[in-house]
Amino acid sequence: MADELELLRRANPFTVDGPVYGDGPLNHQASRRLNRLLYERRRRLLWSLVAGVAVAATVFTLLLGGPGGTPAVAAPRPLVVEANSTPVSLKQLAALAAAVAVDGTPVLRRGTHVQSWSLGMSDDKPPVTIPEERIVRWNADDSHTERVVEDGHVVKETTYPPSWSDVPPEARPPHDVAGLRAYLQETAYSKTPLTTPELLGAVEELLDHWTLGAREAAALARLLAGADGLRPVGEVTDRLGRRGEAYVYRQSGSRLMLIMDPATGAVLGMESTFTKDQPEYGVKAGDVMDYSAWTR
């Protein structure tokens, strides 16, 4: 609750140079923070379902169909680790990323290109969200354009006026491990060291704002190499047809998979899946909770 209150405070639409009692819409940064609040609430509810928390049962009756509702349908199949592939440790991958980053190219770029899918809330439709592609490009004057693509069609394109923030994840990320750890902790609105699922959630938020350069990717690989419970499992082919090394974190009823580029150590994607049946909600083991895939 404290973290959510902090998100609401940061989403305050009133600015120092704006009307004190302005009655206009939220600015872009405030809107993004409120969207993050809603996203985090949904994600926590999903994890509550996985853990079997009784308090969330009523909410998930609406979210995933419930005993008498439409069963949840996980459109994408979970990524499968290739048989007989040899797992590569995160320490090995981090060392590779550090070697690749020596010349500093490619460089950090503000903006993102991400394709994602997740179980979604709806009052009148089955709980499936169609794949979404989001492309954010920033200009030299700090204005930027956000394009949303669904099923190959541009459904929304918005240009925002110049803006900047010194608060993560909008602030420029550092390329040293200690600095990046602090940055991600602030991104997660946490006062304490992040657990591995919290760390991966903060990384996801970072990559939804920035396209990392070689040095930032190398620092992130070193940071992830120290995460508890993130185990190498072998090679996968992601949903964009790219070869990647997979690292899995398991907890009760769920699997988090991190996919990293074997040539550069950059994060390619993440996937969350259920590992236990929840027949009362129409969820089966192997159903995908959500995934994201990032490209330059």
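All of the points below concern the structure found in this document. (Residues numbered from 1 in each chain as written. Predicted model: local features only at pLDDT ≥ 70, side-chain atom pairs only at ≥ 80, totals over all residues. Heavy atoms only, no water.)

**Here we look at the pairing of strand β3 (residues 144–150)**
Phase 1: The element β3 is extensively covered by neighbouring structure, given that five of its seven residues are classed as buried.
Phase 2: Here seven bridges tie strand β2 (residues 132–138) to β3, and the two strands are oriented antiparallel to one another. Considered in β3, the bridge of R137 is made with T145.
Phase 3: Between β2 and the antiparallel strand that follows it, β3, lie five residues; D142 among them carries a positive phi value of about 70°.
Phase 4: In the sheet, β3 pairs with strand β4 (residues 153–160) via seven bridges, with the strands oriented antiparallel. In the sheet register, V148 faces β4, and the bridge partner there is K156.
Phase 5: Turn length for the β3-β4 hairpin, with the two strands adjacent in sequence and antiparallel, is two residues, and the turn residue D151 shows positive phi of about 55°. (Buried < 20%, exposed > 50% of the residue type's maximum accessible area, 1.4 Å probe, protein only. Helix = DSSP H or I, 4+ residues; strand = E, 2+ residues; numbered from the N terminus. Pairing = 2+ DSSP bridges.)

**Overview of the side chain of S85**
Phase 1: Examined against the element boundaries, S85 turns out to sit in the loop between α3 (57–63) and α4 (90–100).
Phase 2: The buried category is assigned to S85, whose relative accessible area is 18%.
Phase 3: Each residue touching S85, except ones within four places of it in the same chain, is listed here: V233, G234 and E235. (Contact = heavy atoms within 4.5 Å.)

**Focus on helix α5 (residues 177–187)**
Phase 1: Buried residues of α5: V177, L180, Y183, L184, Q185 and T187, and no others.
Phase 2: Y189 lies just past α5 and shows a positive phi near 55°.

**Digging into the pattern of salt bridges**
Phase 1: Per the stated rule, a full pass over the model turns up nine salt bridges.
Phase 2: R110 is paired through a salt bridge with D142; the nearest N and O atoms lie 3.7 Å apart. Within this pair, whereas R110 is found in strand β1 (residues 109–118), its partner D142 is found in the loop between β2 and β3, the two being separated by 32 residues in sequence.
Phase 3: The exposure class assigned to D142 is partly exposed, which follows from its relative accessible area of 31%.
Phase 4: Across the pair R134 and D208 runs a salt bridge, and its minimum N-O distance is 4.0 Å. Residue R134 is found in strand β2, and its partner D208 is found in the loop between α6 (196–207) and β5 (210–211); the two are separated by 74 residues along the sequence.
Phase 5: Take R134: its relative accessible area is 13%, and that puts it in the buried class. (Salt bridge = Lys/Arg side-chain N within 4 Å of Asp/Glu carboxyl O.)

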